[in-house]
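Breakdown of the fold
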Amino acid sequence: MKRKPATMKGKILLTAVILGIILLLGMFDIGSVRSGIRIGYVGKEGRSSWSGQYVSLDGFMKKTLYPKDDRLHIEVETDSGSLSIEIKDRFGKVIFDENDIGTQSFDVPVSGKISIRIDADKHQGGFRIGGEKK
């Protein structure tokens, strides 16, 4: 009986590694960090915008954005709980920090790459950061 060449084993191993990477990328959203509990969360993330609607959010989420304009439009909907937003510029300097944001919309002056951290304490509602104004 002739033995199969080692290249077949290599191909199988390579396929397993690629499938493992694809699964990991699906489990972890590259470009953002999350820690907490999200119930009924439906989000949309892009290079210059980020939004989420949910039944309950508890914990924090972080994302890097590259806004298209020099003003970042933010909309928050609060049915209950609290939501805080902190925005840092590309140098790590805090340019916006607001706690316990109720239902409102506002603009924040920005320039270039920014990082956003959202902290929620049993927050019900949603947020929209960047993108077109409604």
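First, a word on scope: everything that follows refers to the structure included in this document.

Reading guide: rules and limits
In this numbering scheme, every chain counts its residues from 1 along its sequence in written order. Residues qualify for local features only when their pLDDT is at least 70, as the model is predicted, and side-chain atom pairs are given and counted only at 80 or more; totals for whole chains, interfaces and linings, by contrast, use all residues. Side-chain descriptors were evaluated using all non-hydrogen atoms of the structure, hydrogens and water having been removed beforehand. Secondary structure counts use DSSP, requiring at least four H or I residues in a row for a helix and at least two E residues in a row for a strand, with both numbered from the N terminus. Here the term buried applies to any residue with accessible area under 20% of the maximum for its type, exposed to any over 50%, and partly exposed to those in between, with areas from a 1.4 Å probe on protein chains only. Residues are treated as being in contact if the distance between any of their heavy atoms lies within 4.5 Å. The accessible surface values rely on the Shrake-Rupley method and a 1.4 Å probe; as for residues, cover is taken only from the protein chains in view. For this analysis, a ring pair means two rings from Phe, Tyr or Trp (six-membered ring only for Trp) whose centres lie within 6.5 Å, classed as stacked if their planes differ by under 30 degrees, edge-to-face if by over 60, and tilted for the remaining angles. Charge-over-ring contacts are defined here by two conditions on Lys NZ or Arg CZ: a distance within 6 Å of the ring centre and an angle within 35 degrees of the ring normal. Salt-bridge detection follows one rule: a side-chain nitrogen of Lys or Arg within 4 Å of a carboxyl oxygen of Asp or Glu. In this analysis, a patch consists of residues with relative accessible area above 30% that form no salt bridge, clustered at 9 Å for like charges and at 5 Å for the nonpolar side chains Val, Leu, Ile, Met, Phe, Trp and Tyr. One bridge is not enough; two strands pair if DSSP finds at least two bridges between them.

Next up on the list: the overall build of the protein. Assigned secondary structure in the protein consists of one helix and seven strands. Each helix and strand of the protein, ordered N terminal to C terminal, gives the series α-β-β-β-β-β-β-β. Across the 134 residues in the protein, those meeting the buried criterion constitute 29%. When contacts within the protein are restricted to residue pairs at least 6 apart in sequence, long-range pairs at least 24 apart make up 65% of them. Accessible surface computed for the protein: about 9100 Å², of which carbon and sulfur atoms make up 57%.

On to the packing of aromatic side chains, then. Considering all chains together, one arrives at four aromatic pairs under this definition. Aromatic pair Y41 and Y54: ring centres 6.1 Å apart, planes at 10°, arrangement stacked. With Y41 in the loop between β1 (32-39) and β2 (42-45) and Y54 in strand β3 (residues 49-65), this residue pair connects regions lying 13 residues apart in the sequence. Considered together, Y41 and Y54 belong to a single accessibility category, that of buried residues. Ring pairing ties together the aromatic residues Y41, W50, Y54 and F127, which thus form one cluster. Its end group placed over the ring of Y41, R38 keeps NZ or CZ at 4.4 Å from the ring centre. Above the face of the F60 ring, R117 is positioned so that its terminal group lies 4.1 Å from the ring centre.

A few words on the pattern of salt bridges. Across all of its chains, the model carries three salt bridges by this definition. For R128, the salt bridge identified is with E75, shortest N-O distance 3.8 Å. Within this pair, whereas R128 is found in strand β7 (residues 114-130), its partner E75 is found in strand β4 (residues 71-89), the two being separated by 53 residues in sequence.

Attention now moves to a nonpolar patch on the surface. There is a patch of nonpolar side chains on the surface, built from L13, V17 and I21 and spanning about 280 Å² of accessible area. By the secondary structure assignment, V17 is in helix α1 (residues 6-27).

With four bridges joining them, β4 and strand β5 (residues 94-98) adopt antiparallel strand pairing. Following the sheet pairing, I85 is matched in β5 by E98. If you look at the hairpin formed by β4 and β5, you'll find four residues sitting between the two strands, and G92 has a positive phi there, around 90°.

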